[in-house]
Amino acid sequence: MSDSNYTPNSKLGKWFNDRLPLLTLANHLTDYPTPKNLNYWWTFGGILTFCLITQIVTGLVLAMHYIADTKLAFASVEHIMRDVNYGWLIRYVHANGASMFFLAVYIHIFRSLFYGSYKSPREIIWIIGIIIYLLMMAAAFMGYVLPWGQMSYWGATVITNLFSAIPFIGEGITTWLWGGYSVDNPTLTRFYALHYLIPFLILGLVVLHIWALHVPGNNNPVGIEIKKPSNDTVPFHPYIVIKDAFALLLFLIVFAFFVFYTPNILGHADNYIEANPLVTPAHIVPEWYLLPFYAILRSVPDKLMGVIAMFSAILILAALPWLDTSKVRSAVFRPLYKQFYWILVIDVLVLGYVGAMPAEGLYLLVARVATAYYFLHFLIVLPVLGWTEKTNPVPLNITEPVLAGSALATRSVREDKTEINLKSLG
Amino acid sequence: MKKFISTFIIILTIFFSQNSSISAETPKLLKTDWTFKGLFGKYDRASLQRGYQVYTEVCAACHSMQYLSYRNLSEPGGPEFTEDEAKFIAASFEILDGPNSEGEMFTRPAKLSDKFLMPYDNVEAAKAANGGAYPPDMSVLVKARKGGADYIYSLLLGYEDPPSDIKLDDGVYYNKYMYGNKIKMPVPLSDGLVEYGDGTLATEEQMAKDITTFLMWSAEPHLETRHKTGFRVIIYLIILSILVYLTMKKIWSRVETKI
Amino acid sequence: MSDKKPKNRRDFIFTATAAAGAVGVGAAVWPLVDQMNPDASVKALASTEVDVSSVKPGQSITVVWRGKPVFIKRRTQEEIDKARSVSLDELKHPEKDEDRVKNPEWLVMLGICTHLGCVPLSDKGEYDGWFCPCHGSHYDTSGRIRKGPAPINMEIPEYVFLNENTIKIG
């Protein structure tokens with residue numbers, strides 16, 4: 001890397017840095033050359049880091065007051081909400097923070113899909129990202145169990161029962177997960193332990209995610225490899241830092257609105273009823289961020305196949321760098337892919353919608369079509385598009401998009417590009 | 001930037017419409033002018049105090065409020081009885097305490113730090129006394145029902161004669177807002193059931209409104225602080241956003257790229 | 001001149017942004033700190049009432065107040081005399097017995113050694129008061145430190161006699 005020959009100015013700094021090159025790291029992070037044409041969709045990486053830290057800090061605080069015991073869990077949450085100083089604030093931030101985290105991660109993932117950020121040489125960054133996403137779902141699910149309300153209990157029952165679909169060993173695995181013959185105290189305490197552990201695993205993976213990112217450097221809206229550092233880049237600090245800060249603040253306004261004015265809208269009323277193993281709520285749905293996968297699960301009539309379909313829907317993303325055969329990264333220059341991209345977005349939203357609806361009649365039919373299309377997109381559309389699509393000419397660099405041909409062509413392309421940059425997600 | 005914001009808003013809108021569409025299935029709930037809604041919503045103290053009266057004189061015969069303590073009655077943001085009034089209220093209940101130095105349980109008048117007296121010793125006793133139906137604990141009831149305060153208010157006023165095609169067993173009543181329309185709670189309120197100390201006319205609607213306000217407070221005791229803090233936080237965030245935006249413009253003016 | 005103005009304005013914006021940001025971070029940290037302070041239910045238990053009618057002269061009882069032991073000792077006349085006859089010069093932490101009790105018969109104090117927080121044993125030690133087994137502090141019949149590492153006398157909590165038989169601590 002370009003900054004490997006950095007030497008601190010002070011003697012002490014040099015002495016320290018020779019032994020532990022923290023200053024070299026700090027220097028690398030500050031000077032890290034970033035494409036200057038990154039748009040606001042790129043600020044979600046920073047926002048996600050903020051979300052993770054917020055969840056860890058508020059979670060740590062909640063853990064000081066929460067009691068993981070089926071007889072006391074619900075009451076301890078009420079104690080936090082009523083008596084602990086600022087307990088209501090901290091819990092609402094943590095609960096809504098999970099939703100905000102997923103909102104941001106979905107934008108982050110779909111940004112990557114649009115601009116082809118998963119493609120070579122960034123496959124490892126992408127795969128680490130998918131693992132982080134999986135761990136986030138595990139953490140969110142286990143966290144939702146902790147208040148020990150009706151949705152906690154029945155959500156835990158339904159999700160752990162998924163594993164019973166595995167032939168021969170399924171029942172054994174479910175019993176092992178429960179530590180008993182139903183979801184009960186042993187389940188709650190182990191979920192609590194794991195819920196506490198997973199965020200730190202995620203934190204470690206985030207470090208790897210960023211490390212892997214800093215090897216090839218950021219992708220950018222144009223999707224071309226750029227020389228770093230060059231005219232096309234700016235140092236991370238202060239340019240990207242201040243931009244990320246601005247985007248984070250806008251995000252925080254939305255976040256604050258949820259926390260202070262509609263703190264329970266993203267949750268379920270049933271979770272304010274203490275868990276009752278004898279009564280199932282009339283309408284069980286997972287949290288909104290898991291709905292698309294829930295829809296896929298329910299759209300398959302066979303228990304085992306449904307579970308396989310649901311997990312495949314997530315794991316197929318890991319194979320994406322090899323399923324997408326196109327050499328062009330950014331959808332900006334792929335007129336056909338761009339349309340299929342938006343169909344996929346709508347498809348996932350539709351899946352989310354039907355996931356919240358009862359699995360019957362028209363909803364079930366729509367869920368099946370949408371599920372089929374989801375897999376079709378990744379398994380057929382993407383590889384075929386890569387081979388057949390006629391892409392638009394790609395500029396050679398960001399500042400001076402020179403193309404083979406006359407100066408006039410260059411000029412017109414530049415205008416196009418500005419247009420494209422503005423429209424890039426339109 | 002504009003494009004970004006508009007797309008972001010579209011995403012949020014879809015996100016919201018998805019959520020709100022989930023909760024629209026029961027018959028349209030009755031609406032009333034709650035003072036606690038909106039950005040600056042606060043509780044109506046007089047209504048909370050009357051609501052407490054309805055709770056003790058009517059609901060408390062069957063419904064517990066296990067997460068509330070008598071001290072809550074005098075805490076800011078609630079009914080705000082004076083501390084002496086709250087002490088007096090507490091002392092009118094006999095609470096089981098002990099064991100004493102002889103190992104015996106004994107009763108004593110409740111103190112501010114005590115939880116609300118429960119009508120039944122346990123869930124089973126409550127069920128046995130109510131034809132097998134457990135009168136739910138009311139501490140967080142408003143948050144535990146879809147539709148919240150509007151739902152509770154509607155339910156209290158939603159008793160009707162059943163349609164001719166529905167047969168009701170003994171001890172089961174018809175309520176058009178109840179899930180499945182069958183409810184085991186008999187009509188709880190009727191005009192003049194309680195006598196308000198402040199001279200307010202105790203109509204059925206008035207009592208329903210007061211008790212619902214009281215239950216909303218018991219479910220969200222910090223609502224007023226939350227609204228107040230929220231307003232300050234959002235104003236602060238907007239100001240800081242503007243400052244950071246100006247800083248960003250300044251910094252990025254060194255490179256000619258648009259942001 | 002012309003290039004100085006924008007620089008000032010820039011500096012102002014930078015400073016204002018940094019200051020506003022710092023204020024926000026501070027405000028956000030406070031709830032995370034304050035949540036560790038005693039919560040509302042703990043504060044509500046800050047006082048406790050004790051019935052002392054069954055305590056005979058010479059006996060003492062231990063009650064719990066704010067999670068800590070409080071010794072309530074009904075002293076004999078002999079013990080009172082002993083506590084009052086000591087000259088202040090002999091004391092490590094000079095306090096009159098009269099200042100430590102509201103009613104000479106009743107000594108109410110926090111049963112916690114002021115050295116490192118252990119609970120002293122009653123009717124032990126060289127001064128017939130209390131003796132802390134942890135590091136050997138000796139207290140007299142007024143709970144004053146007489147010998148050993150403890151720096152000050154055992155603390156007297158706030159209390160009142162509600163009536164002859166009831167003491168309200170806190």
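Parameters and conventions
- Residues numbered from 1 in each chain as written.
- Chains lettered and ligands numbered in written order.
- Predicted model: local features only at pLDDT ≥ 70, side-chain atom pairs only at ≥ 80, totals over all residues.
- Heavy atoms only, no water.
- Helix = DSSP H or I, 4+ residues; strand = E, 2+ residues; numbered from the N terminus.
- Contact = heavy atoms within 4.5 Å.
- Patch = residues over 30% accessible without salt bridge, like charges linked within 9 Å, V, L, I, M, F, W, Y side chains within 5 Å.
- Areas by Shrake-Rupley, 256 points an atom, 1.4 Å probe, with all protein chains shown as cover.
- Salt bridge = Lys/Arg side-chain N within 4 Å of Asp/Glu carboxyl O.
- Buried < 20%, exposed > 50% of the residue type's maximum accessible area, 1.4 Å probe, protein only.
- Buried area = accessible area lost by both parts, 1.4 Å probe.
- Polar contact = N/O pair within 3.5 Å; in protein donor to acceptor, adjacent residues only side chain to side chain.
- Nonpolar A, V, L, I, M, F, W, Y, C, P; charged D, E, K, R; others polar.
- Pairing = 2+ DSSP bridges.
- Axes fitted to C-alpha atoms, helices over the stretch in contact; angles between N-to-C directions.
- Parallel < 35°, antiparallel > 145°, perpendicular 65-115°, else oblique.
- Left-handed = near helix turned anticlockwise from the far one by under 90°.
- Domains from an automatic or database assignment.

(A) Structural detail: the environment of B:G230. Tracing the backbone through its elements, the reader meets B:G230 in helix α7 (residues 223–252). In this structure the C-alpha to C-alpha distance between B:G230 and B:L39, which are 191 residues apart in sequence, comes to 8.4 Å. When sequence neighbours within four positions are dropped, the list of residues in contact with B:G230 reads A:F260 and A:Y261.

(B) Highlighting a nonpolar patch on the surface. All names here are of chain A. A cluster of nonpolar residues, L12, W15, F16, L20, L22, L23, L25 and L29, forms a patch on the protein surface that exposes about 750 Å² of accessible area. When contributions to the nonpolar patch are tallied by element, the ones reaching two or more residues are α1 (11–19) and α2 (22–31). Considering every element that reaches the nonpolar patch, the biggest residue donor is α2, with four residues. Its location among the elements puts L12 in helix α1. Classification of L12 as exposed rests on a relative accessible area of 64%.

(C) Local environment of the interface of chain B and chain C. If you look at the interface, chain B gives twelve residues, while chain C gives 15 residues. Summing both partners gives a buried area of about 1100 Å² for chain B against chain C, and 70% of it is carried by carbon and sulfur. Where chain B touches chain C, the interface holds zero salt bridges. At the surface where chain B touches chain C, the tally comes to four residue pairs in polar contact (both at pLDDT 80 or more). Its residues placed into classes, the side of chain B that touches chain C shows six nonpolar, two polar and four charged.

(D) Layout of the sheet that holds strand β10 (residues 166–169) of chain C. All names here are of chain C. As summarised here, the arrangement of the three strands in space is β1-β10-β9, forming an open sheet in which the pairing is antiparallel. The sheet is open, and its two edges are formed by β1 (48–51) and β9 (159–163), each paired on a single side. When strand polarity is set aside, the average angle formed by the axes of neighbouring strands in this sheet is 25°. Two strands pair when backbone bridges link them, and β1 and β10 are joined in this way by four bridges, in the antiparallel orientation. Within β10, the residue paired with D51 across the bridge is T166.

(E) Representation of the side chain of B:E224 within the structure. Residue and element names in this part refer to chain B. For E224, the location among the structural elements is in helix α7. The buried category is assigned to E224, whose relative accessible area is 13%. Within the structure, E224 has its side chain in polar contact with the side chain of R45 (distance 2.8 Å).

(F) Expanded view of the packing of helix α3 (residues 44–63) of chain A against helix α10 (residues 236–261) of chain A. All names here are of chain A. α10 packs onto α3 with a crossing angle of 60° between their chain directions and a minimal axis gap of 9 Å. Looking at the two axes, α3 sits oblique to α10. Of the two possible hands of crossing, α3 and α10 adopt the one that is right-handed. In this structure, α3 uses F44, G46, I47, F50 and C51 to contact α10, whose residues at the interface are D244, A247, L248, F251 and L252. Split into classes, the residues belonging to the contact of α3 with α10 amount to eight nonpolar, one polar and one charged.

(G) Here's a closer look at the domain arrangement of chain B. All names here are of chain B. What the domain assignment reports for chain B is domain 1 (43–68 + 115–221) and domain 2 (222–252). If you average the C-alpha positions of domain 1 and of domain 2, the two centres end up 41 Å apart. Tallying the contact residues gives five residues for domain 1 and four residues for domain 2. Counting each side, the surface lost to burial between domain 1 and domain 2 is near 440 Å², with a carbon and sulfur contribution of 41%. Three residues, Y43, E220 and P221, lead the burial of domain 1 against domain 2; their summed loss comes to 80% of the area buried on that side. Put simply, domain 1 and domain 2 have two salt bridges between them. In this structure, R45 and E224 form a salt bridge, with 2.8 Å as the shortest nitrogen-oxygen distance. Where domain 1 packs against domain 2, one counts five residue pairs in polar contact (both at pLDDT 80 or more). Residue composition of the side of domain 1 that touches domain 2, by class: three nonpolar, no polar and two charged.

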